[in-house]
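Summary of structural features
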Amino acid sequence: MFSKETYVNRRAELKRLVKSGVVILFGNNDSPVNYPSNGYYPFRQDSSFLYYFGLNRDGLVGVIDIDNDEETLVGDDIDIEDIVWFGSVDSVSDMAASIGVSKTAPMKQLQVICNEALRLHRQIHFLPPYRYDTKLQIFDLLGIHPNQQKEAASMELIKAVVKMRSKKEQQEIEEIENACAIGYKMHTTAMRLTRPGLTEKYIGGQVNGVANSYGAMVSFATIFTQHGEIMHGNPSWNELESGRLVLCDAGAENRNNYCSDNTRTYPVDGKFTQRQLEIYQIVEACHDYVLQVAKPGVKYKDVHLAVCRLMTDRLKELGLMKGDTDEAVNAGAHAMFLPHGLGHMMGMDVHDMEGLGQVNVGFDEETRPSEQFGTNALRMGRRLQEGFVVTDEPGIYFIPALIDDWKAQGLHKDFINYDKLETYKDFGGIRIEDDILITSDGCRFLGKERIPYHPEDIETFMAENQLHK
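I will try to describe carefully the structure that is included in this document.

**Examining the nonpolar core**
Counting 137 residues, the largest nonpolar core has Leu14 and Tyr300 as the members making the most contacts within it. Of the residues forming this core, the biggest block, 9 residues, is contributed by helix H9 (residues 170-193). Look past the residues within four positions of Leu14 in its chain and what remains in contact with it is Val23, Tyr52, Ile64, Leu157, Ala160, Val161 and Met164.

**A look at the packing of aromatic side chains**
Overall, the coordinates contain 9 aromatic pairs when judged by the stated rule. Considering the side-chain rings of Tyr51 and Tyr52, the 4.9 Å spacing of their centres and the 80 degrees angle between planes classify their relative orientation as edge-to-face. Taking relative accessible area as the criterion, Tyr52 reaches 0% and is therefore assigned buried. Taking 5.9 Å as the distance between ring centres and 80 degrees as the angle between the ring planes, the aromatic pair formed by Phe337 and Phe398 counts as edge-to-face. With Phe337 in the loop between helix H13 (325-331) and helix H14 (358-361) and Phe398 in the loop between strand S12 (395-397) and helix H15 (400-409), the pair connects residues that are 61 residues apart, well separated along the chain. A relative accessible area of 0% means that Phe337 is categorised as buried. The class of Phe398 is buried, set by a relative accessible area of 1%.

**Brief notes about helix H17 (residues 455-465)**
Of all the residues in H17, the buried ones are Pro455, Ile458, Phe461 and Met462. The arc that holds the buried residues of H17, viewed along the axis, is 135 degrees, so those residues lie on one side. Set apart from the buried face of H17 by more than 90 degrees, the exposed residues are Ala463 and Glu464. For H17, the secondary structure elements touched by its buried residues are H9, strand S10 (262-267) and helix H11 (274-293).

Procedures and definitions
Each chain carries its own residue numbering, running from 1 in the written order of its sequence. At least 70 in pLDDT is required for a residue's local features to be given in this predicted model, at least 80 for side-chain atom pairs to be given and counted, and no such filter applies to totals for whole chains, interfaces and linings, which use all residues. Water and hydrogen atoms play no part in the side-chain values, which are based on all heavy atoms of the structure. Only buried residues count toward a nonpolar core. Its members are Ala, Val, Leu, Ile, Met, Phe, Trp, Tyr and Cys residues joined through side-chain atoms within 4.5 Å. Per-residue accessibility, obtained with a 1.4 Å probe over protein chains only, is compared with the maximum for each type, and a residue is labelled buried under 20%, exposed over 50%, and partly exposed between these values. Strands are runs of DSSP state E lasting at least two residues, helices are runs of H or I lasting at least four, and both sets are numbered from the N terminus onward. Pairs of residues are marked as contacts when any of their non-hydrogen atoms sit within 4.5 Å. Here the aromatic set is Phe, Tyr and Trp, taking the six-membered ring for Trp, and pairing holds for ring centres within 6.5 Å; pairs whose planes are under 30 degrees apart are stacked, those over 60 apart are edge-to-face, and all others are tilted. This arc is taken over the directions from the axis of the helix to the C-beta atoms.

Laid out in structure tokens, this is it:
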């Protein structure tokens, strides 16, 4: 938690932006694994509730009555049986006082609050729900069917939350730096362990264990795979094989629920082959190029396209692409190799605020999403502002099914050398990802320790630090 004043000021600004009505911010509930009393999935509070109310207990709802300038923390105190099994926790009133909220109410009172607002025809603002228990609660409170709740969510509230959460405060940046420090431990642990004979599952599990040991949890399901061409390749039971590359995409969520997100690709043997190095150095150049062009006022979509042009130029040098670079990128031919966007917002959610609608987070009236394959997967396109935290994650992938599909259709044959591309079907994929902060005059990487990513640094680190000799 931050200071009481942080949450008081955030709620005051939210009231100013939304202007009128009643805001209801739902916290999350516990979720049992396979029967009511068996363990629970790790509790994760709703990020927007955390942002404005800062409380990490289940079963809470925040109510902000803008017109009457009243704030209420709704929730039930735990009973003696819960105390016996789980220990004592602060009362709801004590929790409310810690964040500057003067009123509290039991959960049954929330229906009364909503009924009164509906009776007076006041607008009730809520964010798009993503958990079924919250959807059922909204249905009970407001009579809106779960299938209609996404559309019924308050656009005024969504825009206000996006506006506030997009620009990170200095204390938030420090929390993300802390998450990056855990991420460094996760990735360097994977590098130390990687060698032929160990399974992807084993190393992926060790990576998760580091996150659990130093923070709250992983910020997303860890990707650790020799099939780097699969965007979300979860660790399998396959053993690591000599001569192949492994891709590790992993991040931490720290104790205050801020995230990191990094990707590294490196050889199982600890030394790149010449062919691997040729492709890797293109991705490396694209990754570093972002530091030169990303700054306040520049559209991240334009940064993405600049990276795509650089990638196309370099792939032409290898004979994998051909023709005019601008024409190739405008046509979307580069998406054969990069079928996703350059990056996304990051904060308390690793894809920050994505649940509020990606079009509301990464785009605006000026910058709209593309429908072109590849570019349509860009999650962040609008103009950058100081305080934004975004990921920088170019990659090159050789996806056999995509190669076969485009070749059969004759797509982009003026820009892609399919004969040469056929020889790369067994290559896999490479991605390099870091988190960047947009500063007043440019951008910088987050995280005080840089996870090795230059080829010579990777080879040196793996040679000197391997845990299994």
